[in-house]
Amino acid sequence: MEIKGIAAASGYGLGYAFLLQEPKVEVIRTALSQGGIEDEVARFEESVSRAIFELEAVRKTAGQKLGEDAAAIFSAHIMILEDPEYIGAISQKVRQDMINAEAAVEEVTKEYVVIFEGMDNEYLRERAADLIDRGKVAGFVTNIGGRTSHSAIMARSMGIPAVVGLKDIVDKVKAGDFIIVDGTDGKVMVNPPESVIQAYRRKQEAAMTKKREFEKLLHEKSITRDSVQVELVANIGNPEDAKGAIANGAEGVGLYRTEFLYMGRNELPSEEEQFKAYKEVAELFGQNHPVVIRTLDIGGDKELPYLEMPNEMNPFLGYRAIRLCLDQPEIFKTQLRAILRASVYGNVKMMYPMIATLQELRAANAILSEVKQELATENINFNSYMEVGIMVEIPAVAALASKFAKEVDFFSIGTNDLVQYTLAVDRMNEKISYLYQPLNPSVLSLIQNVITAAHNEHKWVGMCGEMAGDLTAIPILLGMGLDEFSMSASSVLAARALIRHLSQADAACIAQMVHNMDDAEKIKEYVEQAVPFISELR
Ligand code: PEP
Ligand code: MG
């Protein structure tokens, strides 16, 4: 069975399916008569033995095809079925409540889940985190989402092949099915024949060869044939990603998404905790490589359960990012203090997300000045010249860029949201993903406006939306004069190969041609024809 979805992170992953969210199974609860109890317990015990037997077989095949690490997940399943306490509790429930085994399994399991969820146990939390450990995950597929939903972005930054927006894949796949995730073409094969598996193994090998070719560019400059140098930097979510960014040749960080520090926990991170995370990244990159830290961008598809965010009809248009920070200045100030303190440990810059008006920018800067004064009074070191910029992700700012350019040190264009707001297309909604068009002429003309406005004020302008790493978009953006391209670490080397292949003069001609075109699809075709090298990089 082959299922089409949205290509979210390129590469090929082969392995056994693990369902993070099982399809809902409706369990019917039936009462037993006194005489039926022992038969029911025997039926339950017999099915446990059968399940263990089947899992042993799956474990063996997984071990042979994918190695012992991959097979370990099935050993864990078997251990659960052999746990006398858990299995004993189910038999006891059947006897005590005189109910069928299915209902007893469900009830006892729910009790265990509550106990585990309540445990403040570092080990268990680490095991939960293992679920996205790069070494253990061959691929990643989801029912919902688009190319710029945050799960897709994370998969890309970790280099995990991913297909999203598959609508009902969790109903079509059972745990333990063999699947192929083709994140390059955006499709998933379930239990494919051996010939397809072999063909994909060959594709995997070819991709590895290409990767080794790219690695020759690790320490080369991101410079065009006519000697125009740009900055190729990475988007990261934590210090771990920063190491991956360096390993992939990034020249710095163009977007540090700090919200991940606030997620997956029960309370706000302290100033000290944030300071350590920012300092670690600043030091990893050193004085010569910029690290742009973005202040908290929570809301939209990123929630904090402990913050009591309002239930909104349109969260992407609602109480998020800088709006929340200006409304709750204590949260904002703690983060600003941490960023300022980290600013002396490297080449740190800072930017505000989701700015819509000049008044918001000025209000945020006023709080920043207050915090600087507090730190100075406390004799705490910070870089008082730290550059402060804004993300341009709301069309209102792109339209008014000439005014904003006078009051910022730099712009970083956030196309993930800019496309969503320009075309009024929810970036998470797979049903309307055809409308999610970064190359739409309306988006391109806003981008050109932002770049021109910044350069008129002698300010630099970067892009940290996913478009910056899109090989088809790069010649246009280079031609428009973009100074900095920030992308998932896994895209950096291919982007560098392309930049080194192009000349700025030719790219400017491409941008000029595109300027006269009126259709995203035609623009894509035109660029790919004008630069055939793009297809060699995919
Ligand atoms: C963007 O909107 O382009 C962006 C980089 O921010 P995020 O994806 O975190 O919304
Ligand atoms: Mg955004």
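Residues numbered from 1 in each chain as written. Chains lettered and ligands numbered in written order. Predicted model: local features only at pLDDT ≥ 70, side-chain atom pairs only at ≥ 80, totals over all residues. Heavy atoms only, no water.

As a further point, take the overall build of the chain. Helices and strands together make up the secondary structure of the chain, namely 23 helices and 15 strands. Its C-alpha radius of gyration of 26 Å places the chain within 12% of the 24 Å reference for a compact globule of 538 residues. Over its C-alpha atoms, taken along the principal directions, the chain stretches across nearly 85 × 60 × 40 Å. A sequence separation of at least 24 residues applies to 69% of the contacts in the chain between residues at least 6 apart. With the model as given, the accessible surface of the chain reaches about 25,900 Å², and the carbon-plus-sulfur share is 53%. (Helix = DSSP H or I, 4+ residues; strand = E, 2+ residues; numbered from the N terminus. Rg over C-alpha atoms; globule rule 2.2 N^0.38 Å. Contact = heavy atoms within 4.5 Å. Areas by Shrake-Rupley, 256 points an atom, 1.4 Å probe, with all protein chains shown as cover.)

Take helix H3 (residues 84–97) next. The α-helix winds at 3.6 residues per turn, so residues separated by three or four positions along the chain end up facing the same way. With 14 residues, H3 extends 19 Å between its outermost C-alpha atoms, agreeing within 8% with the 20 Å of an ideal straight helix rising 1.5 Å per residue. Listing the buried residues of H3 in full gives Tyr86, Ile87, Ile90, Ser91, Lys93 and Val94. Buried residues of H3, seen end-on, are gathered within an arc of 150° and therefore sit on one face of the element. Structural note: H3 exposes Pro84, Glu85 and Gln96 on the side pointing more than 90 degrees away from its buried face. By the N-cap criterion, in which a side-chain oxygen at the helix start approaches the backbone nitrogen of a residue two or three places on, H3 is capped by Asp83, the distance to Glu85 being 2.9 Å. (Expected span 1.5 Å × (residues − 1). Buried < 20%, exposed > 50% of the residue type's maximum accessible area, 1.4 Å probe, protein only. Arc of directions from axis to C-beta. Polar contact = N/O pair within 3.5 Å; in protein donor to acceptor, adjacent residues only side chain to side chain.)

All right, on to the coordination of the magnesium ion (ligand 2) then. At the metal site, the magnesium ion (ligand 2) is ligated by Glu393 (OE) and Asp417 (OD), and these contacts range over 2.0 to 2.1 Å. In this pair, Glu393 is assigned in the loop between strand E12 (388–392) and helix H15 (395–399) and Asp417 in helix H17 (residues 415–422), connecting sequence segments 24 residues apart. In this structure Glu393 comes out as buried when scored by relative accessible area, which is 2%. The exposure class of Asp417 is buried, given its relative accessible area of 2%. (Donors = N, O, S within 2.8 Å, 3.2 Å for Na, K, Ca; no water.)

Right, let's get into the site of ligand 1. Within the structure, ligand 1 sits among 17 residues, and Arg257, Arg294, Gly414, Asn416 and Arg427 are positioned closest to it. Measuring from an oxygen atom of ligand 1, one finds a side-chain N or O atom of Arg294 at 2.8 Å. In the environment of ligand 1, an oxygen atom lies 2.9 Å from a nitrogen or oxygen atom belonging to the side chain of Glu393. Relative to its free-state accessible area of 290 Å², ligand 1 is covered by the protein chains to the extent of 100%. Among the elements of the structure, helix H6 (150–158), strand E9 (253–257) and H17 are those that each provide at least two residues to the shell around ligand 1. Residue contributions to the shell around ligand 1 peak at three residues, all from H17. Tallied by class, residues from the shell around ligand 1 come to four nonpolar, five polar and eight charged. (Near = heavy atom within 4 Å. Nonpolar A, V, L, I, M, F, W, Y, C, P; charged D, E, K, R; others polar.)

Let us now look at the packing of helix H19 (residues 473–480) against helix H21 (residues 504–515). For the pair H19 and H21, interaxial distance at closest approach is 7 Å and the crossing angle is 100°. Comparing the axis directions of H19 and H21 gives the class roughly perpendicular. Listed contacts from H21 to Pro475, Ile476, Leu478, Gly479 and Met480 of H19 are Gln504, Ala507, Ala508, Ile510, Ala511 and Val514. Among the residues forming the contact of H19 with H21, the class breakdown is nine nonpolar, two polar and no charged. (Axes fitted to C-alpha atoms, helices over the stretch in contact; angles between N-to-C directions. Parallel < 35°, antiparallel > 145°, perpendicular 65-115°, else oblique.)

Right, let's talk about the pairing of strand E10 (residues 290–294) for a bit. Most of E10 sits inside the fold, with five of its five residues counted as buried. Of the two faces of E10, the one carrying Pro290, Val292 and Arg294 and the one carrying Val291 and Ile293 are both buried. Summarising the sheet, E9 and E10 pair through three bridges and their orientation is parallel. Of the residues in E10, the one forming a bridge with Val253 is Val291. Sheet topology note: the E10/strand E11 (residues 347–352) ladder contains five bridges and is parallel. Bridging from a neighbouring strand, Pro290 pairs with Asn347 of E11. (Pairing = 2+ DSSP bridges.)

This part is about unusual backbone geometry. Across residues other than glycine, the phi torsion is negative in most instances, and most of the peptide bonds are trans. Here the phi dihedral of Asn191 falls at roughly 45°; this positive angle occurs in a residue that is not glycine. For Asn191, the position within the fold is in the loop between strand E7 (187–190) and helix H8 (194–215). Its relative accessible area of 44% is what places Asn191 among the partly exposed residues. Within the chain, Glu308 stands out as a residue other than glycine whose phi angle is a positive 50°. Looking at the secondary structure, you find Glu308 in the loop between E10 and helix H12 (321–327). Among the residues examined, Glu308 registers a relative accessible area of 71% and is labelled exposed.

The full count for this structure, using the stated rule, is seven aromatic pairs. On the basis of an interplanar angle of 5° and a centroid distance of 4.4 Å, the ring pair of Phe410 and Trp460 is categorised as stacked. One end of the pair, Phe410, is in strand E13 (residues 410–413); the other, Trp460, is in strand E14 (residues 460–463), and 50 residues separate them in sequence. Comparing Phe410 with Trp460 shows no difference in burial state: the two are buried. Three or more aromatic residues joined by ring pairs form one cluster here, namely Tyr16, Phe74 and Phe178. Between Arg341 and the ring centre of Phe275, over which it is positioned, the NZ or CZ distance is 4.0 Å. (Phe/Tyr/Trp six-rings, centres within 6.5 Å; stacked < 30°, edge-to-face > 60°. Lys NZ or Arg CZ within 6 Å of the ring centre and 35° of its normal.)

A surface patch of nonpolar side chains, amounting to about 300 Å² of accessible area, comprises Phe18, Leu20 and Ile73. Its place among the elements puts Ile73 in helix H2 (residues 68–81). (Patch = residues over 30% accessible without salt bridge, like charges linked within 9 Å, V, L, I, M, F, W, Y side chains within 5 Å. Salt bridge = Lys/Arg side-chain N within 4 Å of Asp/Glu carboxyl O.)

To continue, consider the sheet that holds strand E4 (residues 140–141). The strands making up a sheet associate through hydrogen bonds between their backbones, and the pairing can be parallel or antiparallel. On the basis of which strands lie adjacent, the open sheet formed by three strands has the order E2-E5-E4 and mixed pairing. Sheet topology places strand E2 (6–9) and E4 at the edges, where each strand pairs with a single neighbour. Pairing between E2 and strand E5 (residues 162–164): three bridges, direction antiparallel. When the bridges of E5 are listed, Ala7 appears paired with Val163. Taken strand by strand, H6 contacts E2, E4 and E5, and its axis lies near 50° from that of E2.

Looking now at the pattern of salt bridges. All told, the structure shown has 41 salt bridges when counted by the stated rule. As a salt-bridge pair, Arg320 and Asp417 come within 3.4 Å of each other at their nearest N and O atoms. Taken together, the residues Arg320 in the loop between E10 and H12 and Asp417 in helix H17 connect sequence positions 97 residues apart. Between Glu378 and Arg337 there is a salt bridge whose closest N-O contact spans 2.8 Å. Here Glu378, found in the loop between helix H14 (358–377) and E12, pairs with Arg337, found in helix H13 (residues 329–342); they are 41 residues apart in sequence, far enough to count as distant. Judged by relative accessible area, Glu378 falls into the partly exposed class, the value being 42%. Among the charged side chains, a network of salt bridges with common partners joins Glu271, Glu272, Lys333, Arg337, Arg341, Glu370, Glu374 and Glu378.

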